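Topology and contacts: notes
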Amino acid sequence: MVDILAENLSGKAVMSSDGTELGDLYNITMDLKSGELNDLLVSPHEHLSPERSGFDVDERGRLKVPVGNVQAVKDYIVVAR
């Protein structure tokens, strides 16, 4: 995968591999000791019920998409459910 700066990802649309638009990237969490990336925090679109998305949800209702689920980053960030 090509290196991409995190600042270029902020606000990028996130879509599942089945074509469902999930929302927009809010932030990325990481382990401060290891530097390992953990989750994409995705602000869900209004039409999407976060609880039915198949992903864990944080205290503010954002989807927690494991970084390992990322399949592609182009016009959208494509993730597996």
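For the structure itself, consult the block above.
Now for a look at the structure at hand.

Cut-offs used in this document
- Residues numbered from 1 in each chain as written.
- Predicted model: local features only at pLDDT ≥ 70, side-chain atom pairs only at ≥ 80, totals over all residues.
- Heavy atoms only, no water.
- Helix = DSSP H or I, 4+ residues; strand = E, 2+ residues; numbered from the N terminus.
- Buried < 20%, exposed > 50% of the residue type's maximum accessible area, 1.4 Å probe, protein only.
- Contact = heavy atoms within 4.5 Å.

**Considerations on the overall build of the protein chain**
The helix and strand inventory of the protein chain stands at 0 helices and 7 strands. For the protein chain, the succession of helices and strands along the chain, N to C, is β-β-β-β-β-β-β. Structurally, the protein chain occupies a C-alpha span of about 35 × 30 × 20 Å along its principal axes. Counting across all 81 residues of the protein chain, residues that qualify as buried make up 28%. Of the contacts made within the protein chain by residues no fewer than 6 positions apart, 38% connect residues no fewer than 24 positions apart.

**Some words on the side chain of R62**
Along the chain, R62 falls in the loop between strand 4 (56–57) and strand 5 (63–66). With a relative accessible area of 11%, R62 lands in the buried category. Leave out the neighbours within four places in its chain, and R62 touches Y26, L41, V42, S43, P44, D56 and V57.

What is shown is where atoms sit, not what they do.
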